[in-house]
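Chain by chain, the residues:
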Amino acid sequence: MVLGLGTGSTAAFAVARIGELYSSGQLTNIVGIPTSKRTQEQAASLGIPLSVLDDHPRIDLAIDGADEVDPQLNLVKGRGGALLREKMVEAASDKFIVVVDDTKLVDGLGGSRLAMPVEVVQFCWKYNLNRLQEIFKELGCEAKLRMEGDSKPYITDNSNYIVDLYFPTSIIKDAEAAGREISALEGVVEHGLFLDMATEVIIAGKTGVSVKTK
């Protein structure tokens, strides 16, 4: 079985558990496709066999977290900075399971008031930051370059920058159209709208665990 291994605080627990099951012999004949350098390092340290999309272009199952989940199981992902590789791996997966707690549930994407990331090339990043903000000006969008500490821009595994979009007073009403507009900008590499991709969402809440499916 080929497994897509997600990135982030929640996905790290899933990777750790897969490592436990593999080392104990309860899981056999698996290969993992990591979605970031840090997931690759974690999985390798646990002895999980690893490969890449080049050699396994079809993935049986991907497991990852999410930053927002709407009622249609559309997602915002990428606050951990791995959105491009996550989207490539999860789009190639027959089944994509998302694990979240109930604080990640929103009525509409952007509703958490936290970042919706867009990965952009470093060249003329400010030009694209301004263009991204202009697309969503009617929603009161604020676009900010993601920083690492106070002094330098955050750099992704792919040597790109991230522009974080914030929607302090509104939500993204048409996520499909928003995704198309963002992707049409030259210099945009990928965005954090994961639309119609999740097949199942596992939600942990105060009263227990629930599962939503397509």
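Nothing here was measured: the structure is a model prediction, and the numbers come from that model.

Criteria and cut-off values
Positions within a chain are numbered from 1, following the residues in the order the chain's sequence is written. In view of the model being predicted, local features appear only for residues whose pLDDT reaches at least 70, and side-chain atom pairs are presented and counted only at 80 or more, with totals across whole chains, interfaces and linings using the full set of residues. The basis for the side-chain values is all heavy atoms of the structure; hydrogens and waters are excluded. In this description a helix means any DSSP run of H or I spanning at least four residues, a strand means any run of E spanning at least two, and both kinds are numbered starting from the N terminus. It is over C-alpha atoms that the radius of gyration is taken, and the globule rule equals 2.2 Å times the number of residues to the power 0.38. For every residue, the accessible area (1.4 Å probe, protein chains only) is compared with the maximum for its type, and the residue is labelled buried under 20%, exposed over 50%, or partly exposed between those bounds. Contacts: residue pairs with any heavy atoms within 4.5 Å of one another. The Shrake-Rupley method, run with a 1.4 Å probe, gives the accessible areas here. Residue values count only the displayed protein chains as cover. Grouping buried Ala, Val, Leu, Ile, Met, Phe, Trp, Tyr and Cys residues that are joined through side-chain atoms within 4.5 Å yields what is termed a nonpolar core. Two strands make a pair as long as DSSP finds a minimum of two bridges between them. Orient the strands so they point away from the viewer; a crossover is then right-handed if the path from the first strand over the helix to the second runs clockwise. Here an angle of 0 to 180 degrees is reported between the N-to-C directions of two axes, which are lines fitted to C-alpha atoms, with helices fitted over the stretch in contact.

J.: Would you take a moment to explain the overall build of the protein chain for this structure?
T.: Along the backbone of the protein chain there are 5 helices and 15 strands. A compact globule built from 214 residues would reach a C-alpha radius of gyration of about 17 Å, and the protein chain, at 17 Å, matches this within 12%. Classification of the 214 residues of the protein chain by burial places 46% in the buried group. A separation threshold of at least 6 residues defines the contact pool for the protein chain, and within that pool the share at least 24 residues apart is 73%. Looking at the protein chain as shown, the accessible area adds up to about 10,600 Å², and 52% of this sits on carbon and sulfur atoms.

J.: Got a minute to help me understand the nonpolar core in this structure?
T.: One recurring pattern in soluble globular proteins is that nonpolar side chains are buried together. Counting 25 residues, the largest nonpolar core has Met116, Val118, Leu132, Phe136, Leu165, Phe167 and Leu193 as its most contacted members. Put simply, the parts of the chain that give this core at least two residues each are strand E7 (116–120), helix H4 (125–135), strand E8 (142–145), strand E11 (161–166) and helix H5 (175–183). Ignoring anything within four residues of it in the chain, the contact list for Leu165 reads Leu114, Ala115, Met116, Val118, Leu132, Phe136, Cys141, Glu142 and Ala143. If you look at the next biggest cluster of nonpolar residues, it comprises 16 residues, including Ala62, Phe96, Phe194 and Val201.

J.: What is the right way to look at the pairing of strand E1 (residues 2–5) in this model?
T.: On a regular strand, each side chain points to the face opposite its neighbour's, so the side chains alternate between the two faces of the sheet. Burial of E1 is two-sided: the residues Val2 and Gly4 facing one way and the residues Leu3 and Leu5 facing the other way are all buried. Where E1 lies against strand E2 (residues 31–34), 4 bridges are found, and the strand directions are parallel. The residue of E2 that forms the bridge with Val2 is Val31. Since E1 and E2 lie parallel, the crossover through helix H1 (residues 9–23) that links them has a hand, and here it is right-handed. Summarising the sheet, E1 and strand E3 (residues 59–64) pair through 3 bridges and their orientation is parallel. Within E3, the residue paired with Leu3 across the bridge is Leu61.

J.: Looking at this structure, how should I read the sheet that holds E1?
T.: Read across the open sheet, the 6 strands follow the order E2-E1-E3-E6-E14-E15; overall the sheet is mixed. Across the chains shown, the open sheet's two edge strands, defined by having one partner strand only, are E2 and strand E15 (208–213). Ignoring strand direction, the axes of neighbouring strands in this sheet form an average angle of 20°. Bridge count between strand E14 (residues 200–205) and E15: 6 bridges; the pairing is antiparallel. Opposite Ile203, over in E15, you have Ser210 as the bridge partner.

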